[in-house]
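Report on the structure
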Amino acid sequence: MSSSASCPTAEGSSHRSADSGLASGGRPLSVAVLGATGSIGRSTLDVIAASPGEFSAHLLAAHTSVGHLLEQAHRLRPKWVVVVDPAAAAAIGATALPPGTRLAVGADALDDLVRDAAIDRVVSAIVGAAGLRSTWAAVEEGKTVALANKETLVMAGPLVMRLAARTGAVILPVDSEHSAIQQALCSGSGTEVRRIVLTASGGPFRTRPAETFAAVTPEEALRHPTWSMGPKITIDSATMMNKALELIEARWLFGLPAEKLEVLVHPQSIVHSMVEFVDGSVMAQLSPPDMRLPIQYALSHPRRLPGPARRFDFTRGFALEFEPPDPARFPALRLGHEAAARGGTAGAVLNAANEEAVRGFLAGRLRFTDIAAACGRVLDAHPFQADPTLEDIRRLDAWAREEIVTCSSA
Ligand code: NAD
Ligand code: MG
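Residues numbered from 1 in each chain as written. Chains lettered and ligands numbered in written order. Predicted model: local features only at pLDDT ≥ 70, side-chain atom pairs only at ≥ 80, totals over all residues. Heavy atoms only, no water.

Our focus in this paragraph is the packing of aromatic side chains. This model, assessed by the stated rule, comprises eight aromatic pairs. Between Phe205 and Phe213, the aromatic rings sit 6.0 Å apart at their centres with planes inclined by 55°, giving tilted as the arrangement. Comparing Phe205 with Phe213, the two get one shared label, buried. A ring pair is formed by Phe213 and Phe368, whose centres lie 5.9 Å apart and whose planes are at 85°; its orientation type is edge-to-face. Taken together, the residues Phe213 in the loop between β8 (193-200) and α8 (218-221) and Phe368 in helix α14 (residues 368-381) connect sequence positions 155 residues apart. On the basis of relative accessible area, Phe213 is assigned to the buried category, the value being 3%. (Phe/Tyr/Trp six-rings, centres within 6.5 Å; stacked < 30°, edge-to-face > 60°. Buried < 20%, exposed > 50% of the residue type's maximum accessible area, 1.4 Å probe, protein only. Helix = DSSP H or I, 4+ residues; strand = E, 2+ residues; numbered from the N terminus.)

This paragraph deals with the pattern of salt bridges. Scanning the entire structure with this criterion turns up 30 salt bridges. Between Arg194 and Glu276 there is a salt bridge; the shortest N-O distance is 2.7 Å. With Arg194 in strand β8 and Glu276 in strand β10 (residues 271-277), this pair connects stretches of sequence that are 82 residues apart. We classify Glu276 as buried; its relative accessible area is 10%. Among the salt bridges present, the one from Arg395 reaches Asp392, with a minimum N-O distance of 3.1 Å. Here Asp392 and Arg395 lie together in helix α15 (residues 390-408), a separation of three residues that amounts to about one turn. On the basis of relative accessibility, which here comes to 45%, the residue Arg395 falls in the partly exposed class. A relative accessible area of 15% means that Asp392 is categorised as buried. When salt bridges with common partners are traced through the structure, they connect Lys150, Asp175, Glu177, Lys243 and Glu246 into a single cluster. (Salt bridge = Lys/Arg side-chain N within 4 Å of Asp/Glu carboxyl O.)

Strand order in this open sheet of seven strands is β4-β3-β2-β1-β5-β6-β7, and the pairing throughout is parallel. The sheet terminates laterally at β4 (102-105) and β7 (170-173), the two strands that pair on one side only. Ignoring which end each strand starts from, the neighbouring axes of this sheet average 20° apart. Looking at chain direction, strand β6 (residues 144-147) and β7 are connected through four bridges and run parallel. Across the sheet, Ala146 pairs through a bridge with Leu172, a residue of β7. (Pairing = 2+ DSSP bridges. Axes fitted to C-alpha atoms, helices over the stretch in contact; angles between N-to-C directions.)

Let us look at the packing of helix α12 (residues 332-342) against helix α13 (residues 346-362). One can describe the packing of α12 onto α13 by two numbers: an axis separation of 8 Å at closest approach and a directional angle of 150°. Here α13 runs roughly antiparallel to α12, going by the angle between their axes. When α12 is examined against α13, the residues Leu335, Gly336, Ala339 and Arg342 are found in contact with a partner set consisting of Ala346, Gly347 and Leu350. (Parallel < 35°, antiparallel > 145°, perpendicular 65-115°, else oblique. Contact = heavy atoms within 4.5 Å.)

As a further point, take the coordination of the magnesium ion (ligand 2). Reference geometry at the metal: tetrahedral coordination by four donors gives ideal angles of 109.5 degrees; octahedral coordination by six donors gives 90 or 180 degrees. Protein coordination at the magnesium ion (ligand 2) comes from Asp175 (OD), Glu177 (OE) and Glu246 (OE), with a distance range of 2.1 to 2.2 Å. Within one chain, the residues serving as donors to the magnesium ion (ligand 2) are arranged as D-x1-E-x68-E. Here Asp175, found in the loop between β7 and α7 (176-185), pairs with Glu246, found in helix α10 (residues 241-253); they are 71 residues apart in sequence, far enough to count as distant. Neither Asp175 nor Glu246 differs from the other in exposure class; each is buried. (Donors = N, O, S within 2.8 Å, 3.2 Å for Na, K, Ca; no water.)

Turning our attention to the sheet that holds β10. In sheet architecture, strand pairing relies on hydrogen bonds along the backbone and comes in two forms, parallel and antiparallel. Strand order across the open sheet formed by four strands is β9-β8-β10-β11, with mixed pairing between neighbours. At either margin of the open sheet sits one strand with a lone partner, and together these are β9 (261-265) and β11 (282-286). Adjacent strand axes in the sheet meet at a mean angle of 20°, parallel and antiparallel pairs treated alike. Relative to β11, β10 runs antiparallel, the two sharing four bridges. Directly across from Val275, in β11, lies its bridge partner Met283.

Written out as structure tokens, the structure reads:
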């Protein structure tokens, strides 16, 4: 088993740990936030703003939300703002930026700026396959990456982990489940792990009669019971495709075989995941559902800092429930297990097919139940490659996006 992040107190780890908190000279860690205007991006800026002595914003990047990005720039005074969409950037007037902040435009500019030696940690929080290229640039440069963009590992896990091993980049998970697993793994050695249990809220349709799933509307699917997130991952939580993608993410991040990965439904979203060791001991990480905690841990690792995340009030009792997922209700889960076991191009194809299917569902072209069904057909039909290059992955990503249209009308 391998992980890019070592335990804070572990000895003899074969991987270097992330830099130990404050940057050299005791200055705050300089952070690049890719996807700054999104749900994870905004929570990241909360964490940075809450600890100015620990963190500073070096670069903030977004796709089209220029107004929001400028407001963030005035608040955090980064060295750079990057607008990836040139048409959106054209709306920025000469006097819109705060003093000391420069503007760069386009995806190529972002890939260049992310390599800047002045950046200590890169928060990869762009949504979807679009996040792969800038994350790849950061890993290639040997950066410490706080990874929210699970698609990077779903699409190209083995390639990214190999690249990180070569460049010395450290990948720290932001996904709450993987952050929990990273923390729990520190209770034993890799060979002592019996299995990993990823918890899932079960989304808004955990108890809704399955025969009504075909009639689910985007509005219903966008109402998540425990987490407030961007629209794409919220739909993925309703289909449980998010958990499917997280199985694949865990497979590569922790270097564990797919058969050691399981999913357990836990409606309260308090136990963020668990590791069972060979002696039967199960280690879990608990906290109220608030992404600012795993984000902060990925920024401060291996240290722990006080921060803005919500805390438990143990004077008020609460119950924790667990139940096995129903595979008939959530067929996406089987696809996740299958893609994690097959490796190769399976993750990239499943991810691309799902991104397009979710787009189709939100636009009213696909029914809720079509999402997993069409993804399954595209996964089955794809010309599987066991050891793809990045170029193969890009080609099959594009192929799957076209194919989903045919498969969903089948
Ligand atoms: P979001 O939709 O709220 O925000 C997406 C961000 O990415 C925005 O800043 C947007 O400007 C930017 N973006 C979109 N397309 C882009 C492109 N082509 N180029 C550059 N930037 C682009 O998404 P989110 O919910 O914050 O999720 C971000 C990532 O974090 C996803 O990979 C998601 O799976 C992962 N994640 C999110 C949560 C959560 O609680 N929201 C939890 C775990 C993991
Ligand atoms: Mg998650």
